[in-house]
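So the chains spell out like this:
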Amino acid sequence: MKCTECNNTLHKTIGEFSMSIDGKTIKVINAPILHCKNCDLVVVDDEIKNNAKEFAKIYLSDNILDYAECEAGTMIPIMNLLF
Ligand SMILES: [Zn+2]
């Protein structure tokens, strides 16, 4: 995949991005992203965004979502804490 800004090759890496869910901006950390080393552009796959959205429904307790921990299932769902 090429960078939309400078046409450099994008590299798969682990990083963070911000997204908006129900009008609330959250920060997703430890997520697989595509990064351009040349101009610092970050591209996030729609699939990753969708996953993050689903994770946020279950795990999000503040404005930061740890994608890696959610995917590994090491987080305790909020539901378990409430009930
Ligand atoms: Zn670029």
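Above: the structure in question.
Bear in mind the structure is a predicted one, so any value in this text is a computation, not a measurement.

Student: Break down the environment of Ile14 for me, with residues and values.
Tutor: Position of Ile14 among the secondary structure elements: in strand β1 (residues 11-21). When its relative accessible area of 57% is taken as the criterion, Ile14 is described as exposed. In the structure, Ile14 is positioned 21 residues away from His35 in sequence and 8.9 Å away in space, judged by C-alpha atoms. Look past the residues within four positions of Ile14 in its chain and what remains in contact with it is Asn30, Ala31, Pro32 and Ile33.

Student: Describe the coordination of the zinc ion, with residues and values.
Tutor: Within the protein, the zinc ion binds to Cys3 (SG), Cys6 (SG), Cys36 (SG) and Cys39 (SG); these donor distances fall in the range 2.2 to 2.3 Å. Mapped onto the sequence, the donors of the zinc ion take the spacing C-x2-C-x29-C-x2-C. Of the two residues, Cys6 is situated in the segment before β1 and Cys36 in the loop between β2 (24-35) and β3 (42-43); the sequence distance between them amounts to 30 residues. Residue class for Cys36 comes out buried when judged on its relative accessible area of 0%.

Student: Lay out the pattern of salt bridges with the relevant residues and their values.
Tutor: Scanning the model with the defined rule gives two salt bridges in all. Across the salt bridge formed by Glu16 and Lys27, the nearest N and O atoms sit 3.4 Å from each other. Linking Glu16 in strand β1 with Lys27 in strand β2, this pair joins segments that are eleven residues apart in sequence. Residue Glu16 is classed as partly exposed on the basis of its relative accessible area of 43%. The closest approach of N and O atoms between Lys57 and Glu54, which form a salt bridge, is 3.1 Å. Linking Lys57 with Glu54, this pair stays in helix α1 (residues 46-59), spanning three residues, or about one helical turn.

Student: Now, about α1: what can you tell me, with residues and values included?
Tutor: With 14 residues, α1 should reach 20 Å at 1.5 Å per residue; the first-to-last C-alpha distance of 19 Å fits that figure. Along α1, the positions that sit buried rather than exposed are Ile48, Ala52, Phe55, Ala56 and Tyr59. Buried residues along α1 cover an arc of 105° about the axis, so they all sit on one side. Away from the buried face of α1 by more than 90 degrees, exposed residues Asp46, Glu47 and Lys57 are located. The N-cap residue of α1 is Asp45: its side-chain oxygen and the backbone nitrogen of Glu47 are 3.1 Å apart.

The rules we used
- Residues numbered from 1 in each chain as written.
- Predicted model: local features only at pLDDT ≥ 70, side-chain atom pairs only at ≥ 80, totals over all residues.
- Heavy atoms only, no water.
- Helix = DSSP H or I, 4+ residues; strand = E, 2+ residues; numbered from the N terminus.
- Buried < 20%, exposed > 50% of the residue type's maximum accessible area, 1.4 Å probe, protein only.
- Contact = heavy atoms within 4.5 Å.
- Donors = N, O, S within 2.8 Å, 3.2 Å for Na, K, Ca; no water.
- Salt bridge = Lys/Arg side-chain N within 4 Å of Asp/Glu carboxyl O.
- Expected span 1.5 Å × (residues − 1).
- Arc of directions from axis to C-beta.
- Polar contact = N/O pair within 3.5 Å; in protein donor to acceptor, adjacent residues only side chain to side chain.

Purely geometric stuff here, so don't read any function into it on its own.
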